[in-house]
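Okay, here's what each chain looks like letter by letter:
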Amino acid sequence: MTHSLHRIGSEDTFQDDYVLISRPAMGINHVGCAPRVKRTLEIIFEEGPTNLGSLTTQENLTMGLDPQELIAKTEDNSPVMCCFHEREKVVKVLKRLKEEEIGLSVIVSGPIDNVQSICKEVGLKPHSANLSLGFHGSAR
Amino acid sequence: MKIRQELCVGCGQCLPYCPMGAIERGKDTSRINWDECVECGICIRQSKCPVKAIYEPPETMEWPRSVRKVFSDPTSKHENTGVRGRGTEEVKTNDVTARFKRGFFGIALEFGRPGVGTRLGDVEVITKALAEEGIQFEAANPLTFLMEDARTGIIKEDVRNEKVLSAIVEFVIPQENLEEICTKIFETASKAKCIFSWALISRFEPDGTLPVVERLEKIGIKPSKNMKINVGLGRPLKEE
Ligand code: SF4
Ligand code: SF4
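Moving on: the nonpolar core. Counting 77 residues, the largest nonpolar core has A:Leu94, B:Leu109, B:Leu130 and B:Phe171 as the members making the most contacts within it. Ignoring anything within four residues of it in the chain, the contact list for B:Leu130 reads B:Leu109, B:Ile135, B:Phe137, B:Val169, B:Phe171, B:Ile181 and B:Ile185. If you look at the next biggest cluster of nonpolar residues, it comprises 16 residues, including B:Cys8, B:Cys14, B:Met20 and B:Ala53.

Here we take up the site of ligand 1. Surveying the vicinity of ligand 1 reveals the residues B:Met1, B:Cys18, B:Pro19, B:Ile23, B:Ile32, B:Cys37, B:Val38, B:Glu39, B:Cys40, B:Gly41 and B:Cys43. Here the shell around ligand 1 is composed, by residue class, of nine nonpolar, one polar and one charged.

Right, let's talk about the site of ligand 2 for a bit. The local shell around ligand 2 holds 13 residues, among which B:Cys8, B:Cys11, B:Gly12, B:Cys14 and B:Cys49 are the closest. Of the residues in the shell around ligand 2, the class split is nine nonpolar, four polar and no charged.

To continue, consider the pairing of strand E6 (residues 128-136) of chain A. Counting buried positions along E6(A) gives eight out of nine residues, so the element sits mostly inside the fold. For E6(A) and strand E11 (residues 196-203) of chain B, the ladder comprises seven bridges, and the chain directions are antiparallel. In the strand pairing of E11(B), A:Ala129 is matched with B:Ser202. Relative to strand E12 (residues 226-230) of chain B, E6(A) is paired through four bridges, and the arrangement is antiparallel. In the strand pairing of E12(B), A:Asn130 is matched with B:Lys228.

All names here are of chain B. Checked against the element boundaries, Gln5 lands in the loop between strand E1 (2-3) and strand E2 (23-25). Counting along the chain gives 23 residues from Gln5 to Asp28, while the straight-line C-alpha distance between them is 9.2 Å. In this view, Gln5 contacts Thr29, Ser30 and Arg31; residues no more than four positions away in its chain are not counted. Here the side chain of Gln5 touches Thr29 through a polar contact of 2.6 Å, side chain to side chain.

Each partner contributes residues to the interface: chain A has 55 residues there, and chain B has 59 residues. Buried area between chain A and chain B, both sides added, is near 5,200 Å², and the carbon and sulfur share of it is 59%. The largest contributions to the chain A side of the interface with chain B come from A:His127, A:Leu133 and A:His136, which together make up 16% of the buried area. The tally of links between chain A and chain B comes to zero salt bridges. Scanning the region where chain A abuts chain B turns up 25 residue pairs in polar contact (both at pLDDT 80 or more). Secondary structure elements with two or more residues in the side of chain A that touches chain B: strand E1 (18-23), helix H3 (87-99), strand E5 (105-111), helix H4 (112-122) and E6 of chain A. In terms of residue count, E6(A) provides more of the side of chain A that touches chain B than any other element does, nine residues in total. Broken down by class, the residue content of the side of chain A that touches chain B amounts to 27 nonpolar, 21 polar and seven charged. Bridge count between E5(A) and E12(B): five bridges; the pairing is antiparallel. Its bridge partner lying in E12(B), A:Ser109 is registered against B:Lys228.

The next subject is the packing of aromatic side chains. Residue and element names in this part refer to chain B. All told, the structure shown has two aromatic pairs over all chains when counted by the stated rule. Relative to Phe196, the ring of Phe111 lies with its centre 5.2 Å away and its plane at 40°, an arrangement referred to as tilted. Of this pair, Phe111 sits in strand E5 (residues 104-111) while Phe196 sits in strand E11, placing them 85 residues apart in sequence. Both residues of the pair, Phe111 and Phe196, count as buried. Over the face of the ring belonging to Phe145 we find Lys156, whose NZ or CZ atom lies 5.5 Å from the ring centre.

This part covers the pattern of salt bridges. Counted under the stated rule, the structure contains 26 salt bridges over all chains. Note that A:Arg96 is salt-bridged to A:Glu46, the shortest N-O span being 2.5 Å. Highlighted residues: A:Arg96 in helix H3 and A:Glu46 in helix H1 (residues 34-47), separated in sequence by 50 residues. Judged by its relative accessible area of 53%, A:Glu46 falls in the exposed class. Residue B:Lys69 pairs with B:Asp73 through a salt bridge whose shortest N-O separation is 3.5 Å.

Cut-offs used in this document
Residues numbered from 1 in each chain as written. Chains lettered and ligands numbered in written order. Predicted model: local features only at pLDDT ≥ 70, side-chain atom pairs only at ≥ 80, totals over all residues. Heavy atoms only, no water. Core = buried A, V, L, I, M, F, W, Y, C linked by side-chain atoms within 4.5 Å. Buried < 20%, exposed > 50% of the residue type's maximum accessible area, 1.4 Å probe, protein only. Contact = heavy atoms within 4.5 Å. Near = heavy atom within 4 Å. Nonpolar A, V, L, I, M, F, W, Y, C, P; charged D, E, K, R; others polar. Helix = DSSP H or I, 4+ residues; strand = E, 2+ residues; numbered from the N terminus. Pairing = 2+ DSSP bridges. Polar contact = N/O pair within 3.5 Å; in protein donor to acceptor, adjacent residues only side chain to side chain. Buried area = accessible area lost by both parts, 1.4 Å probe. Salt bridge = Lys/Arg side-chain N within 4 Å of Asp/Glu carboxyl O. Phe/Tyr/Trp six-rings, centres within 6.5 Å; stacked < 30°, edge-to-face > 60°. Lys NZ or Arg CZ within 6 Å of the ring centre and 35° of its normal.

Shown next as structure tokens:
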């Protein structure tokens, strides 16, 4: 994985490479949302992400992040950032977030056809897309 | 960032962690090139220096050097936005903020990535050209805060030479200006003195399509198949 939006390399190298980010909108629905962020983390940990990083503890799973410690330290403005290599896990996480009406914004970064088919399966209507238009300029 | 020379054993363990290649290995110890260091903090957080020789001296937070850390270290907060990270929440919370509405597109240019960093003054080639087109830069973006005048795109003199890991320019355009603005960016890109990546944010149409892809392809811009999709789970949902 290179970046949550811009990827380097051929498309087949990131076919099953999904980044999932969830966060509240500051100033709109962030006050008192820590329990919902914690629940999101619990669901993600139960499904088993390939990796999950935290700005709060400044660690990630591969470095030995402790899920329970992270959940305990979660605050209203703690974003959730993780990645999966299995389509099915992304489907399950989204289904559970939808069923439990968590209400935090969620973005999934991945090949558009795959993400759209995941949304269809879960019963979600994708809202907006961020498209990578490539790189420019010179490195001197 | 600096390395305490009296502690460093010159093992070189921290060198590969620096995205700027700013850590230089000497005969007995390593040193950080002060001018090239963007204060991202990766060395101190990740390299597990065996003697804890890496430290953040107080000068790091003196103006104008202090802008390096806020633009390069995702764990630090921008004072004017209160948000951690280098830009706004962009597409991530668009289902709740409606920052990018139907009939408009969001554009974000990220300077310095991948992997080279940028001097803040170098982004001006693009910001000036965009200002000439009448672009209004996103007020909640920390780079806009460092412009002398957001109507001209000129960067403040005292921060121009500060090197940062990345700086993001964000703005919104009406749908009908897509071809004109993208062509302008494309033309100006050849004059840019640093690397930048660019991205466009669009609402899906009610039928689930993204017509902007075809419009971009018509002017020779091919968006990547990898996209960042806001799946519409945020509440209260804004449909506008
Ligand atoms: S703070 Fe970042 S740029 Fe500076 S030496 Fe450490 S890793 Fe390199
Ligand atoms: S890891 Fe520590 S001891 Fe080793 S070169 Fe870097 S600063 Fe010096």
